[in-house]
Amino acid sequence: MDKVKELVSEINSGRPKPIYFLMGEEPYYIDKISQYIAENVLSEEEKGFNQMVLYGKDTSVDEVVANAKRFPMMADYQVVIVKEAQHLSRTIESLVSYAENPQPTTILVICFKYKKLDKRKKLYKAVQKSGVLFESNKLYENQVSDWIRRAMAGKGYSISPKSCIMLVEFLGTDLSKINNELDKLTLVVSKETEISPELIEEHIGISKDFNNFELKKAIGERDVKKAARIIDYFAQNPKDNPFVVTVTLLNTFFTQLLQYHGLNDHSPGNVAKVLGVSPYFVKEFTVAAKNYPMKRVSGIISSLRELDLKGKGVGASNMEQGDLLKELLAEIV
C-alpha cells in the first residue's frame, strides 16, 4: 500500500515514468494503479486523441510498440494501457528494445496479472532502469485483516477486529471482492459508526454467531454446547459453510497451537509474531493451550487430516456434511 501511495504521489507531481510494468499474483493493485493513471494523467478533452486501451488477447507486442511510439496530439503525454498483458507472456521479451529507449511523451502501462518477469532477463532490467516495476503480491490470510483496517481508515471509517476476521473468513483473500463489500458498507454506514459484526451480518449477510471464527473460539474454550449449535447450523446450510473450509481453518488453528506449546516466550508480542497472527487472537491460544495439552493437539491434527480426506470422498464416499461435522467435533472434544 505504501508503494502504491508513492506511485500516486509521483504521478500527481507531474513526473510520470514512461513505463509502468504492473505484475504479480494480486490483481487488485494492478487494476487500481492502471485505473488511476487512466483517470488522472490526461484531461477529459485530451483523452479522446491521446488515451488508448489494448487487450493482450487481441494485440501483439509489435502493435503495442507502434502505438507507444506515436506522439501526443495537443497534450504533453499520451497514455497506452495494455490490459490482460499476461496473454503476451510468450513474446513479452521482444518489448526490450522499446523499454531500453522509451518514448518520453508516452506513458505505457502494462498490466501483467498472475505472472512475473524473469529477473535474469533483459526486459526486467530495462524496465527497472527506465520505468517502474511494480510487483503486486498476494496477501497471506493473516495480513488481510490489517489490510481491511487500513483500507477503511483511508476511507475515514473504523472497523472492529472481529468484523475484519468475519470478512476474511467469508470472502477469502480476494482484495477486489473484499473492497466491493466494503464500498457497499460505506454507502449505508456513517463515518461516526464503527463497523461491527452486527452491521456485517445485516448488510453483507455473514452470520455473526454461526461462522468458523466462532466455531474455532468455542472449540478452543471447550464450549461443546456452543460448538454443537454452530455445527448444526453448518449442517443445515452446507453451501454457505463448506466442510473443507472448516476443517482447513481448524487444522491451521491446531497447528499454530502446537507451535504455541513449543514456545518458551508466551508474551503476546512474541506469540503474534511467531504464529503470524493478529495480537487480537493471542488470548485464544492462551485459553486453548490450557484445554488441549501438546500430545492431545498432535492427535487432533492427525484426526483432522483423516477427516479432510473423508470430506473429499477418500474412504467415506457419500458421507453427509452433517455427519462429518459431528465426527469432527467428537474427535476434538
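In case you missed it, the structure is sitting above this.
The sections below set out a description of the structure shown in this document. (Residues numbered from 1 in each chain as written. Predicted model: local features only at pLDDT ≥ 70, side-chain atom pairs only at ≥ 80, totals over all residues. Heavy atoms only, no water.)

1. So, unusual backbone geometry
(1) Moving on: With phi around 55°, M74 is a residue other than glycine that occupies positive phi space.
(2) Moving on: For E84, which is not glycine, the phi torsion reads 50° and is therefore positive.
(3) Moving on: For E84, the position within the fold is in the loop between β3 (78-83) and α5 (96-100).
(4) Moving on: Residue classification places E84 among the partly exposed positions, given a relative accessible area of 29%. (Helix = DSSP H or I, 4+ residues; strand = E, 2+ residues; numbered from the N terminus. Buried < 20%, exposed > 50% of the residue type's maximum accessible area, 1.4 Å probe, protein only.)

2. Quick word on the packing of helix α13 (residues 243-261) against helix α14 (residues 268-275)
(1) Moving on: Interhelical geometry of α13 versus α14 gives an angle of 130° and a closest axis separation of 10 Å. Here α13 is positioned oblique relative to α14, judged by the angle of their axes. For the pair α13 and α14, the crossing hand works out as right-handed. Across the interface between the two elements, Q256, Q259 and Y260 from α13 touch V271, V274 and L275 from α14.
(2) Moving on: The residue inventory of the contact of α13 with α14, partitioned by class, reads four nonpolar, two polar and no charged. (Axes fitted to C-alpha atoms, helices over the stretch in contact; angles between N-to-C directions. Parallel < 35°, antiparallel > 145°, perpendicular 65-115°, else oblique. Left-handed = near helix turned anticlockwise from the far one by under 90°. Contact = heavy atoms within 4.5 Å. Nonpolar A, V, L, I, M, F, W, Y, C, P; charged D, E, K, R; others polar.)

3. Comments concerning the environment of E181
(1) Moving on: By the secondary structure assignment, E181 is in helix α9 (residues 175-188).
(2) Moving on: Taking the relative accessible area as the measure of exposure, E181 reaches 15% and is therefore buried.
(3) Moving on: On a C-alpha basis, the gap between E181 and Q321 in space is 28 Å, while along the polypeptide they are 140 residues apart.
(4) Moving on: The residues touching E181, leaving out its near neighbours within four places in the chain, are L171 and I204.

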